[in-house]
Amino acid sequence: MAKAPEGFHYVRGHIRRNPKSGSAKRMSGWMIAGLLAGAWLWGQVFGFEAATPDTPAEPNPAVSVSAGR
């Protein structure tokens, strides 16, 4: 039996690709879609209004007002 090419090995007489390491795995399209759907549902249930203030802050004058004499 001939030697398997680089990156492959023999299993029961068939050539198979070597398994990749766990760190080389990428997120699948379904995982990305699930994360986006989860973020959208979170926004629907709890809302994102807590991150933004409802009323703008009072502007502070740069120069203090002098007291009336």
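Residues numbered from 1 in each chain as written. Predicted model: local features only at pLDDT ≥ 70, side-chain atom pairs only at ≥ 80, totals over all residues. Heavy atoms only, no water.

### Let's talk about the environment of Met 1
Link 1 in the chain: Within the fold, Met 1 resides in the segment before β1 (8-11).
Link 2 in the chain: The exposure class assigned to Met 1 is exposed, which follows from its relative accessible area of 82%. (Helix = DSSP H or I, 4+ residues; strand = E, 2+ residues; numbered from the N terminus. Buried < 20%, exposed > 50% of the residue type's maximum accessible area, 1.4 Å probe, protein only.)

### So, the environment of His 9
Link 1 in the chain: For His 9, the position within the fold is in strand β1.
Link 2 in the chain: Look at His 9 and you get partly exposed, because its relative accessible area is 29%.
Link 3 in the chain: For the pair formed by His 9 and Pro 19, sequence separation is ten residues and the distance between their alpha carbons is 9.8 Å.
Link 4 in the chain: Ignoring any residue separated from it by four or fewer positions in sequence, one finds His 9 in contact with Ala 4, His 14, Ile 15, Arg 16, Arg 17, Asn 18 and Pro 19.
Link 5 in the chain: Only 2.7 Å separates the side chain of His 9 from the side chain of Asn 18, close enough to count as a polar contact. (Contact = heavy atoms within 4.5 Å. Polar contact = N/O pair within 3.5 Å; in protein donor to acceptor, adjacent residues only side chain to side chain.)

### Observations concerning the packing of aromatic side chains
Link 1 in the chain: For the coordinates displayed, the defined rule picks out one aromatic pair.
Link 2 in the chain: Relative to Phe 46, the ring of Trp 42 has its centre 4.4 Å away and its plane inclined at 45°; by these criteria the two rings are tilted. (Phe/Tyr/Trp six-rings, centres within 6.5 Å; stacked < 30°, edge-to-face > 60°.)

### What about a nonpolar patch on the surface?
Link 1 in the chain: A surface patch of nonpolar side chains, about 520 Å² in accessible area, is lined by Met 27, Met 31, Ile 32, Leu 35 and Leu 36.
Link 2 in the chain: Mapping Met 31 onto the fold places it in helix α1 (residues 29-45).
Link 3 in the chain: Residue classification places Met 31 among the partly exposed positions, given a relative accessible area of 44%. (Patch = residues over 30% accessible without salt bridge, like charges linked within 9 Å, V, L, I, M, F, W, Y side chains within 5 Å. Areas by Shrake-Rupley, 256 points an atom, 1.4 Å probe, with all protein chains shown as cover. Salt bridge = Lys/Arg side-chain N within 4 Å of Asp/Glu carboxyl O.)

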